Amino acid sequence: MDGEHFSGDDDAAVGGIAADRLRSIIERVERLEEERKALAGDIKDIFTEAKSAGFDVKVIRQIIRLRKQEPAEVEEQETLLDIYRRALGM
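Along every chain, residues carry numbers that run from 1 in the direction the sequence is written. Residues qualify for local features only when their pLDDT is at least 70, as the model is predicted, and side-chain atom pairs are given and counted only at 80 or more; totals for whole chains, interfaces and linings, by contrast, use all residues. Excluded from the side-chain calculations are hydrogens and water; all other atoms, namely the structure's heavy atoms, are used.

As annotated in an unreviewed UniProt entry, the chain carries the name UPF0335 protein FLP30_08475 and is attributed to Acetobacter vaccinii. UniProt positions are given in the numbering used here, feature names are shortened, and annotations may be inferred rather than shown by experiment. Under the UniProt heading Sequence similarities (unreviewed entry), the note attached to the chain is "Belongs to the UPF0335 family."

Here it is as C-alpha cells:
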C-alpha cells in the first residue's frame, strides 16, 4: 500500500470526504460572513446618518422593502390596506 498514504494537506478522502475541498468551502463561507458583518455595519451607519438628518428610519426601511416587491404586489397591498382602514373608519 505504499503510495496510498496521504498527508492531511492533500485533497485526500478522509472518511470519504475530500478534506481540502471541505476546508475551502468552509473558509469561503467564513469570509463571506465577515463581509456580510462589515456590510451590516455600513448599513447601520447609513441609517444613523439618515436619523441624524431628520429622516424617519422606520419609514425608510418600509420604502426599501416596498422597492424590492413587484409593483402589482405593492398595489394589491396598498388597496387592501385602504379597504381595511375604511372598514375600521380610519
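Read on, since the account is not over.
K.L.:
Give a description of helix H1 (residues 19–52) that names residues and reports values.
P.N.:
Only DSSP runs of H or I reaching four residues or more are called helices, and only runs of E reaching two or more are called strands; each is numbered from the N terminus. Each residue after the first adds 1.5 Å to the expected span of a helix. Here H1 is 34 residues long and its end C-alpha atoms lie 50 Å apart, about the 50 Å a rise of 1.5 Å per residue gives. Accessible area is worked out with a 1.4 Å probe on protein chains only. A residue is then buried under 20% of its type maximum, exposed over 50%, and partly exposed in between. Those residues of H1 that fall on the buried side of the exposure criterion are Ala19, Phe47 and Ala50. Buried positions along H1 lie against strand S1 (13–14), strand S2 (17–18) and helix H2 (57–68). Following H1 by one or two positions, glycine 54 adopts a phi angle in the positive range, close to 95 degrees. In what follows, a contact means two residues having at least one pair of non-hydrogen atoms within 4.5 Å.

K.L.:
Residue-level account of a negative patch on the surface, with values.
P.N.:
What goes into a patch is any residue over 30% in relative accessible area without a salt bridge, connected to like charges within 9 Å or, for nonpolar side chains (Val, Leu, Ile, Met, Phe, Trp, Tyr), within 5 Å. Note on areas: these come from Shrake-Rupley sampling with a 1.4 Å probe, and a residue is covered only by the protein chains present in the view. A pair is scored as a salt bridge if a Lys or Arg side-chain nitrogen falls within 4 Å of a carboxyl oxygen belonging to Asp or Glu. His is not counted here, nor are the chain ends, while Lys and Arg score as positive and Asp and Glu score as negative. In plain terms, the charge of a residue is placed at NZ if it is Lys, CZ if Arg, CG if Asp and CD if Glu. A cluster of like negative charges, contributed by Glu27, Glu30, Glu33 and Glu34, occupies part of the molecular surface. Along the chain, glutamate 30 turns up in helix H1. A relative accessible area of 44% means that glutamate 30 is categorised as partly exposed.

K.L.:
How would you summarise the packing of aromatic side chains if you had to cite specific residues and measurements?
P.N.:
Each aromatic pair joins two rings of Phe, Tyr and Trp (for Trp, the six-membered one) with centres within 6.5 Å, and gets the label stacked for planes under 30 degrees apart, edge-to-face for over 60, and tilted for any other angle. Applying the stated criterion across every chain, the model contains zero aromatic pairs. Sitting above the plane of the phenylalanine 47 ring, arginine 61 keeps its charged end 3.9 Å from the centroid. Counting as a charge over the ring demands two things of the Lys NZ or Arg CZ atom: a distance within 6 Å of the ring centre and an angle within 35 degrees of the ring normal.

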